[in-house]
Amino acid sequence: MLTRELLVIGAGPAGLAAAIEAAKNGVKDILVCDLNMKAGGQLFKQIHKFFGSKEHNAGVRGIDQGVQMLKEAEELGIEIWLNSAVVGFFGDKIACIEQGQPDGTKKIVYMQPKTIVIATGAQENVVRFKGWTTPGVMGAGAAQTMINVNRVQPGKNIVMLGTGNVGLIVSYQLMQAGCNVVCIVEAAPGIGGYGVHASKVSRAGVPIYCSHTIKEVKGDGPDGRVSEVTIIGLDEKWQPIEGTEKTFEADTVTLAAGLKPVSDLVKLQDIEIVFNNAFGWVPVHNDKMQTTAKGIYVAGDTTGSEEANTAMEEGKLAGVSVAEELGYITMDEAKDQRDQIWDRLRGLRTGPFGEKRAIAKVVQMGKFPVD
Amino acid sequence: MSIKEVGYISHQELIDAEQDISAERYAKGPVAVIECVQEIPCNPCEDACKFGAIYVGSPITNLPKIQEDNCTGCGACLARCPGLAIFLVDKTYSETEATVAFPYEYVPTPEVGEEWEAVDRQGAVKCKGKIVKVMNPKAFDRTPIVTVAIPKEFADEVRSVKRK
Ligand SMILES: Cc1cc2nc3c(=O)[nH]c(=O)nc-3n(C[C@H](O)[C@H](O)[C@H](O)COP(=O)(O)OP(=O)(O)OC[C@H]3O[C@@H](n4cnc5c(N)ncnc54)[C@H](O)[C@@H]3O)c2cc1C
Ligand code: SF4
Ligand code: SF4
């Protein structure tokens, strides 16, 4: 059976940061697996300049941050398998990998690494309404991949559901790609994402309807495609108010109703999970990013959807802890490094947008058994 | 109505965030107007200003504060702000006109001499504007900064041009 000192699952910002930090601290023989054809996770769809501080490459476009991380990983001799999904876990940390072959086929290989970092990211929530299966209704992430990776417009006239940062940013990018955003609809009474992102789409004349949801989508377009979208106002109890309907002509509906962690692999290793309102079901971990299974660490959106900079910091924590577990650095050295990372992480989780996540994290880590 | 409900800020919100610029400072020439009124984890503007005119400090979620007298109106901070939330307003441009410079990442990019419709924070057309400057050097990393000349009375409202 194959083995490695460290297997990282997911080559997004969290996974790459974990691999890089582990390598910098002496860990050898590192493998990163990603099911995508391209490494970088979400970063490669994000053509906008990122928030954060200098240490987080703020102001640099997501896509360029991905390129930088890949270069660093390469320089450190980190091996990356693309088109290679980890599809299962057995016994004591035996990973089953569908390894992508140069000819496009796949080969099943088994690997028992000494340590594992699970950094599989998050997936989009689905919203159901009358007509939600009509062609032209899609996730905002899919629309973003179409415009920024594949360079095709998902449609001409788009209704966006959701005002989190994803909904706002993808709306902006759809307009950059030449589409028209008819309106953005939000069920909550307030806009979820950053005001500065909302201001960008407002300046472009896109109306944002808070306390509204999609009532119905009609599919009378070519090949049964979306032709019309009706939205409706909601009262304080989130119940539709009859008579407040508005109907728009549109050929596409994009859904940005939040993300939930991808935690299938976590569940396969009997790692303890916990539910909280900010993140959904997430693995319990401690301040080293270690799960309740020895040798298995988590980082990034898998542990609760946040941002690329928090994902990278969590990845670094995991990388340092792996180096400690494998004996490359002492407990004190590891703690010193982690303390610095935690200082930055705590900074990122302040303010009205971060506090809820900070509290959720404390609860999540509080569930970690003390020995 | 606040930014949280409608998606654009009011003048009162700028005042509350202590980001409004005094009439005396406006009278001296171009100045950066920061419109970033929520505590978000972000600070590239602070680093972008070589004149120490922008302060965020610690924690990183502090609101950015402009020291208006330190601002030379150089415009370097505009393209560095990922929120596209900094504008350069010059109320001394001419007897009757002011200029507003803003980041503009759509295509086509406006060109000097063209006439575009100038819009306010909600995208409503306020007046016609003449493009007087377009900057897009490598350092701006593909965020062109466009300057539009408009009648003075719209200087506090116009923040972009209508997409073509
Ligand atoms: C539209 C949008 C805008 C954003 N804007 C910002 C921003 O301005 N600033 C910011 O800081 N953050 C931003 N984010 C958030 C940021 O992109 C994410 O928080 C970050 O990418 C999370 O990193 P990650 O490594 O945990 O997950 P991901 O980037 O999602 O990476 C996970 C990787 O794991 C792989 N994977 C999953 N399952 C398996 C498996 N079984 N086997 C192998 N590989 C697997 C996936 O293919 C993927 O590549 C934005 C997100 C979106 C969607
Ligand atoms: S315009 Fe120039 S001097 Fe003024 S705040 Fe911006 S960078 Fe600083
Ligand atoms: S860089 Fe822009 S978005 Fe970030 S804090 Fe400064 S003004 Fe706000």
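The structure under discussion appears in the preceding block.
Residues numbered from 1 in each chain as written. Chains lettered and ligands numbered in written order. Predicted model: local features only at pLDDT ≥ 70, side-chain atom pairs only at ≥ 80, totals over all residues. Heavy atoms only, no water.

Visitor: Report on the overall build of chain A, specifying residues and quantitative values.
Guide: Along its length, chain A carries nine helices and 20 strands. Taken over C-alpha atoms, the radius of gyration comes to 21 Å for chain A, in line with the 21 Å a tight globule of 371 residues would show. Within chain A, the fraction of its 371 residues that count as buried is 57%. For chain A, long-range pairs separated by at least 24 residues make up 61% of all intrachain contacts whose partners lie at least 6 apart in sequence. (Helix = DSSP H or I, 4+ residues; strand = E, 2+ residues; numbered from the N terminus. Rg over C-alpha atoms; globule rule 2.2 N^0.38 Å. Buried < 20%, exposed > 50% of the residue type's maximum accessible area, 1.4 Å probe, protein only. Contact = heavy atoms within 4.5 Å.)

Visitor: Residue-level account of the overall build of chain B, with values.
Guide: Secondary structure assignment for chain B yields four helices and nine strands. Each helix and strand of chain B, ordered N terminal to C terminal, gives the series α-α-α-β-α-β-β-β-β-β-β-β-β. Over its C-alpha trace chain B gives a radius of gyration of 15 Å, about what one expects of a compact globule, namely 15 Å for 164 residues. With the C-alpha coordinates of chain B rotated into their principal frame, the extents come out at 45 × 35 × 35 Å. In chain B, which comprises 164 residues, the proportion classed as buried is 53%. Excluding contacts between residues fewer than 6 apart, the proportion of contacts in chain B whose partners are at least 24 apart in sequence is 56%. Here chain B has roughly 7400 Å² of accessible surface; of this, 51% comes from carbon and sulfur atoms. (Areas by Shrake-Rupley, 256 points an atom, 1.4 Å probe, with all protein chains shown as cover.)

Visitor: Break down the sheet that holds strand S14 (residues 228–233) of chain A for me, citing the residues and quoting the values.
Guide: Residue and element names in this part refer to chain A. What the three strands build is an open sheet, ordered S13-S14-S15; its pairing is antiparallel. The open sheet has two edge strands with one neighbour each: strand S13 (212–218) and strand S15 (246–249). The sheet shows a mean angle of 25° between the axes of neighbouring strands, taken without regard to direction. Bridge analysis of S13 against S14 gives six bridges, and the strand direction is antiparallel. (Pairing = 2+ DSSP bridges. Axes fitted to C-alpha atoms, helices over the stretch in contact; angles between N-to-C directions.)

Visitor: So, helix H7 (residues 308–325) of chain A: which residues are in play, and what are the values?
Guide: Residues and elements named next belong to chain A. Between its terminal C-alpha atoms H7 stretches 25 Å, which fits the 26 Å expected from 18 residues at 1.5 Å a residue. Of all 18 residues in H7, 16 are buried, a share of seventy percent or more. Following H7 by one or two positions, Gly-327 has its phi on the positive side, about 85°. (Expected span 1.5 Å × (residues − 1).)

Visitor: So what's going on with the pattern of salt bridges? Residues and values would help.
Guide: Overall, the coordinates contain 30 salt bridges over all chains when judged by the stated rule. For Glu-228 of chain A, the salt bridge identified is with Lys-218 of chain A, shortest N-O distance 3.8 Å. With Glu-228 of chain A in strand S14 and Lys-218 of chain A in strand S13, this pair connects stretches of sequence that are ten residues apart. Under the relative-accessibility criterion, Lys-218 of chain A is labelled partly exposed at 36%. Linking Arg-338 of chain A and Glu-324 of chain A is a salt bridge whose minimum nitrogen-to-oxygen distance equals 2.9 Å. Here Glu-324 of chain A lies in helix H7 and Arg-338 of chain A lies in helix H8 (residues 331–348), a separation of 14 residues in the sequence. Both residues of the pair, Arg-338 of chain A and Glu-324 of chain A, count as buried. A cluster of three or more residues bridged by salt bridges with shared partners is formed by Arg-61 and Asp-64 of chain A together with Glu-105, Asp-141 and Arg-142 of chain B. (Salt bridge = Lys/Arg side-chain N within 4 Å of Asp/Glu carboxyl O.)

Visitor: A description of the nonpolar core should follow, citing residues and the corresponding values.
Guide: In this structure, Leu-174 of chain A together with Ile-86 of chain B are the most contacted members of the largest nonpolar core, which totals 71 residues. Membership of the second largest hydrophobic core comes to 38 residues, among which are Ala-11, Val-117, Ala-299 and Val-320 of chain A. (Core = buried A, V, L, I, M, F, W, Y, C linked by side-chain atoms within 4.5 Å.)

Visitor: Give a detailed account of the pairing of strand S19 (residues 280–283) of chain A, specifying residues and quantitative values.
Guide: Residue and element names in this part refer to chain A. One ladder, built from four bridges, connects strand S18 (residues 273–276) with S19; its direction is antiparallel. Within S19, the position partnered with Ile-273 by the bridge is Pro-283. The antiparallel pairing of S18 with S19 creates a hairpin that spans three residues between the two strands.

Visitor: Which residues make up the environment of Ile-184 of chain A, and what are the values?
Guide: All names here are of chain A. Along the chain, Ile-184 falls in strand S11 (residues 180–185). The exposure class assigned to Ile-184 is buried, which follows from its relative accessible area of 0%. Through-space distance from the C-alpha of Ile-184 to that of Ala-11 is 32 Å; in sequence the pair is 173 residues apart. Among residues more than four places away in sequence, those in contact with Ile-184 are Met-160, Gly-162, Thr-163, Leu-168, Ser-171, Val-201, Val-206, Pro-207, Ile-208 and Tyr-209.

Visitor: Describe the packing of helix H1 (residues 13–24) of chain A against helix H2 (residues 62–75) of chain A, with residues and values.
Guide: Residue and element names in this part refer to chain A. In contact at an axis separation of 10 Å, H1 and H2 are set at 30° when each is read in the N-to-C sense. Once H1 is placed against H2, the crossing between them reads as left-handed. Facing Pro-13, Leu-16, Ala-17, Ile-20 and Lys-24 of H1, the residues of H2 in contact are Met-69, Leu-70, Glu-72 and Ala-73. Split by residue class, the contact of H1 with H2 holds seven nonpolar, no polar and two charged. (Left-handed = near helix turned anticlockwise from the far one by under 90°. Nonpolar A, V, L, I, M, F, W, Y, C, P; charged D, E, K, R; others polar.)

Visitor: Please provide a residue-by-residue account of H1 of chain A, values included.
Guide: All names here are of chain A. With twelve residues, H1 should cover 16 Å at 1.5 Å per step; its first-to-last C-alpha distance of 16 Å lies within 8% of that length. For H1, the full list of buried residues reads Pro-13, Ala-14, Gly-15, Leu-16, Ala-17, Ala-18, Ala-19, Ile-20, Glu-21, Ala-22 and Ala-23. A positive backbone phi angle near 105° is found at Gly-26, which sits one or two residues after H1.

Visitor: Outline the layout of surface pockets, supporting the account with residue identities and numerical values.
Guide: All names here are of chain A. Computed from the structure, the second largest pocket encloses a volume of approximately 560 Å³. When contributions to the lining of the second largest pocket are tallied by element, the ones reaching two or more residues are helix H3 (140–150) and helix H4 (165–176). Counting residues per element, the lining of the second largest pocket draws most heavily on H3, which supplies three residues. When the residues that make up the lining of the second largest pocket are grouped by side-chain class, the tally is ten nonpolar, six polar and four charged. No fewer than three residues from each of domain 1 (2–123 + 259–364) and domain 2 (126–255) sit in the lining of the second largest pocket. (1 Å grid on protein atoms, 1.4 Å probe; cavity = no way out; pocket = protein on both sides within 12 Å on 5 of 7 lines; lining within 4 Å. Points joined across faces, edges and corners; volume = space filled by probe spheres on them. Domains from an automatic or database assignment.)

Visitor: Break down the site of ligand 3 for me, citing the residues and quoting the values.
Guide: For ligand 3, the full set of nearby residues is Phe-51 of chain A together with Ile-34, Cys-36, Cys-42, Pro-44, Cys-45, Pro-64, Cys-81, Pro-82 and Gly-83 of chain B. At the site occupied by ligand 3, nearby residues are drawn from chains A and B. The pocket occupied by ligand 3, as judged from atoms lying within 2 Å of grid points, is the largest cavity. The residue inventory of the shell around ligand 3, partitioned by class, reads nine nonpolar, one polar and no charged. (Near = heavy atom within 4 Å. Sits in = over half its atoms within 2 Å of the grid points.)

Interpretation note: all reported values are geometric properties and have no functional meaning in isolation.
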